[in-house]
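Notes for the structure review
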Amino acid sequence: MIIKLCNNIIRVCGILLLLLCLGCKKEKIVAITPQIIPVPFHQEIEDGVFILNEETTLRYDEGLQETAKYFSAFIQKGGGSSLQLRKNIEENSIILEKDETMVNEEAYRLFISKKNIKIQSSTEKGAFYAVQTLRQLLPECFENGSCTEKGFAIKAMTVLDAPRFSYRGMHLDVGRHFFSVSAIKKYIEMLAMLKMNTFHWHLTEDQGWRIEIKKYPKLTEIGAYRKETLVGHYNDQPHQFDGKRYGGFYTQEEIKEIVAFATSRNITVIPEIEMPGHSQAAIAAYPELGCSGTKVEVATKWGVFDEVYCPNQKTFAFLEDVLDEVVDLFPGKYIHIGGDEAPKTKWKSCNHCQQLIQEKELKDEHGLQSYFIARMEKYINSKGKQIIGWDEILEGGLAPNATVMFWRGTDGAVQAAKDGHDLILSPTSNCYFDYYQSDNENEPLAIGGFLPLEKVYSFNPIPEGMDATEEKHVLGAQGNVWTEYMPTYKQVEYMAFPRAIALSEVIWSTDKNKNYVDFVSRLANFQNRLDVLDVNYANHLYEIHGNLKNKNEQLLYSLETLMNDNTIRYTLDGSDPVGSSEVYDKPLSIQSDMNVKAGVFDNDKLLGNVFAQELNYHKAVGAEITLNVEPHKAYSAGGKKALINSISGNNTRFGDKEWLGFWGDDLEILIDLGKETEIHKVSTRFFEANGQWIYRPEGVKISLLNEDMENLFEKGLEQLFLKDTKLTTQVTQNYGGEKARYVKLDIRKYGLIPDGLQGAGNQAWTFIDEIVVE
């Protein structure tokens, strides 16, 4: 009896142990919650999961074999076992079906059930994008082959998806800094995962020619190398150099390898061969291509240079020869010919150029550039290709069949569309990923500007004022990565990601499906995949943002973070916050100067960087302010209230939320203090970085006005600019306690930048900081 009882106990324990083990196994096979980037047009989660295991089979229709091979290789790399190729099997199978009734070649349908996974598309492109979605439903370990489990659960769901725009691109400048073949491939792989379809490869620059041209070997023997490189920022004076020879180039075999790799990822590579400007490296190799014919060096610092191609027969023959070799290397429909930032200084003093202007009955040097572009476009068209150019090709008349890439804004885009030209939007305001992405002082050196993640995500590639017909000419948008301040590929990744991830959703997903808070949540999850892929992305999700608000005539300073499920702790005494610091639960009341430091905490652990902000409380804080012109879209992050919000801009970066930028406008600023107020001093400051077209204004006039807007006191300050820091100039006016309700500033712009300087012939920028009224 006792023995039988013991046996029963053992049997029951064994069953319980078995059930526990089965429970353990089930816990391992947990489906990933779908958090797809870019967000699909339609997705619906259903009951159940599909189990991917060693018995799973793969079958595909003719015409989808490349995607099948790609996916099979991905599964084998991640899980250690290959998918078995089987025909006519439905159970435990992944099926790629060709459905030619689907009109959009990039559209796909993805059906995941307990029984199988079915992908439907009309082309390899659609199937490939379906696989990229499926890729995000698998564990991150598939990305580097570190998976140890034998079975993987994929949540049952239906996805119906197609892109919003046909052109979805990222750019990379390899002229300022050169990157290896393996780095370029890694970059392309990331673009493919984000469902982008275009890689714009900026191959020629003043600082280096990067593509082998067999007919002109000096382009890579001489033009691919500079004797040294600028150290620090261009604004640092005097300029210093590292004294080290720098350069490199891609052989034609390497280019073929990269193009083939991109093609396998359904990405078209568009080469950029700059003309007529940004050509000093080519002229250094062959001086006869310039107007003077004198020897020059490959550029060693950044900026825009006067050396441009001379529009003569020798130059046109050279460029046609170069393009003959380029066309054979790149099978896509487009050749990008630049056309931007081409100073006319050399052309103005060139007898041949002036004679050509008269001979062709051109209006001026801008007309000569249009003639140059139109001639090269005609040749490129004869090769079965079309040109893309930066928006400067609009100057002097547009080449007839050109696609225009707008970078300086979108003002001319509507008219270009009306004229029947295709457009790609890439404005500095939302698409320049060489700009700072955070106002943290420890951010790596960048060219300037300020482009946080949210501003990228808020971009609408359709310019205001377009009708439905004109909108059809907007092909899409592109993010640009200019590499003056990115000497390594790791730095490229830091600047490009996650902003390129945000852009991918802008150009793939419809507006109705986009939501920034939801995107941030999905991005936090996506970063786990980036970690496994060893992508050096910038993580600013745990940063704090401070905002001044006027509520019921009370000034409040609020602290916000994207990750709302964490705690903000802060101090007001200048010390760094710790796990025991005050918990932020409501906006802080401002009645005097304040030194705020805060951090995002998970229990006692600080996540991200410490936020620090000094608030200089003065009489204009929270007042009403009006401007005669709006700040430029690229430099308006803080809005007009940034001028009287108690916060000063960065001493070395003009692009943060506090500096407001104006391009070519005289300014009138009126501050309404609400009542007559005793005033002892009014001060402000201006950024000054001539190498980036930023100049202090020609003059400033400060006026005090009474309740009736009558002028009480005014002072012109043309001679009272005082250097505040290395890059800022202060303007201060002292008073004797006069009472005034209004403070008015009249600011006269600098005007056109003189010849011989960076940006010559363009309007100078004016950047103004906090207006302090004491």
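Keep in mind the model is a prediction, meaning the values are calculated, not measured.

Cut-offs used in this document
- Residues numbered from 1 in each chain as written.
- Predicted model: local features only at pLDDT ≥ 70, side-chain atom pairs only at ≥ 80, totals over all residues.
- Heavy atoms only, no water.
- Disulfide = S-S within 2.5 Å.
- Buried < 20%, exposed > 50% of the residue type's maximum accessible area, 1.4 Å probe, protein only.
- Pairing = 2+ DSSP bridges.
- Helix = DSSP H or I, 4+ residues; strand = E, 2+ residues; numbered from the N terminus.
- Salt bridge = Lys/Arg side-chain N within 4 Å of Asp/Glu carboxyl O.
- Core = buried A, V, L, I, M, F, W, Y, C linked by side-chain atoms within 4.5 Å.
- 1 Å grid on protein atoms, 1.4 Å probe; cavity = no way out; pocket = protein on both sides within 12 Å on 5 of 7 lines; lining within 4 Å.
- Points joined across faces, edges and corners; volume = space filled by probe spheres on them.
- Nonpolar A, V, L, I, M, F, W, Y, C, P; charged D, E, K, R; others polar.
- Phe/Tyr/Trp six-rings, centres within 6.5 Å; stacked < 30°, edge-to-face > 60°.
- pLDDT = per-residue confidence, 0-100.
- Contact = heavy atoms within 4.5 Å.

With that out of the way, let us pick up the state of the cysteines. A disulfide bridge is the covalent bond that connects two cysteines by way of their sulfur atoms. Summed over all chains, the structure comprises one disulfide. With a sulfur-sulfur separation of 1.9 Å, cysteine 141 is cross-linked through a disulfide to cysteine 147. Residues cysteine 141 and cysteine 147 are joined by a disulfide whose S-S torsion is about 90 degrees; by sign, that bridge is right-handed. By the burial criterion, cysteine 141 is buried, and cysteine 147 matches it.

With respect to topology, three strands assemble into an open sheet ordered E22-E23-E26, the strand pairing being antiparallel. Whereas interior strands pair on both sides, the edge strands pair on one side only; in this sheet they are strand E22 (544–551) and strand E26 (588–589). Pairing between strand E23 (residues 554–561) and E26: two bridges, direction antiparallel. Paired with leucine 556 across the strands is serine 589, a residue of E26.

A separate point is the pattern of salt bridges. For the structure on display, the rule yields 36 salt bridges. For arginine 176, the salt bridge is made with glutamate 205, and the minimal N-O distance between the two is 3.4 Å. Of this pair, arginine 176 sits in the loop between strand E8 (167–173) and helix H4 (181–193) while glutamate 205 sits in strand E10 (residues 204–205), and the two are 29 residues apart along the sequence. The exposure class assigned to glutamate 205 is buried, which follows from its relative accessible area of 2%. A salt bridge links glutamate 253 to lysine 256; the nearest nitrogen and oxygen atoms lie 3.4 Å apart. Of this pair, glutamate 253 and lysine 256 both sit in helix H6 (residues 252–264), three residues apart, which is roughly one turn of the helix. Overall, the relative accessible area of 42% leaves lysine 256 in the partly exposed class. Residues participating in the shared-partner salt-bridge network are Arg135, Glu143, Glu189, Arg265 and Arg529.

Let's shift gears to the nonpolar core. Counting residues in hydrophobic clusters, the biggest one holds 179 residues, and the most contacted among them are Trp201 and Trp209. A per-element tally of this core places H4 first, with nine residues.

This brings us to the layout of surface pockets. Where empty space is left in the structure can be found by rolling a water-sized probe over the atoms. By volume, the largest pocket is sized at about 1100 Å³. Looking at the largest pocket, it is lined by 41 residues, and the ones nearest its centre are Tyr557, Gln613, Ile647, Ser648 and Glu658. When residues of the lining of the largest pocket are traced back to their parent elements, those giving at least two are E22, E23, strand E27 (594–602) and strand E28 (605–615). Counted by class, the lining of the largest pocket contains eleven nonpolar, 17 polar and 13 charged residues.

Another aspect to go through is the packing of aromatic side chains. Given two aromatic rings, their pairing is described by the distance between the two centres and the angle made by the two planes. Overall, the coordinates contain 39 aromatic pairs when judged by the stated rule. With a centroid separation of 6.3 Å and 50 degrees between ring planes, the pair formed by tyrosine 286 and phenylalanine 318 is classed as tilted. One end of the pair, tyrosine 286, is in the loop between helix H7 (280–285) and helix H8 (313–329); the other, phenylalanine 318, is in helix H8, with 32 residues separating them in the sequence. Relative accessible area serves as the criterion here: at 11%, tyrosine 286 is assigned to the buried category. On the basis of relative accessibility, which here comes to 2%, the residue phenylalanine 318 falls in the buried class. Aromatic pair tyrosine 457 and tyrosine 516: ring centres 5.5 Å apart, planes at 50 degrees, arrangement tilted.

Now for the confidence of the model for the chain. Here the chain averages 91 in pLDDT, and 95% of its residues register 70 or above. Here residues 1–27 is modelled with pLDDT under 50, and outside its nearest four sequence neighbours on either side it reaches zero contacts, counting other chains as well.

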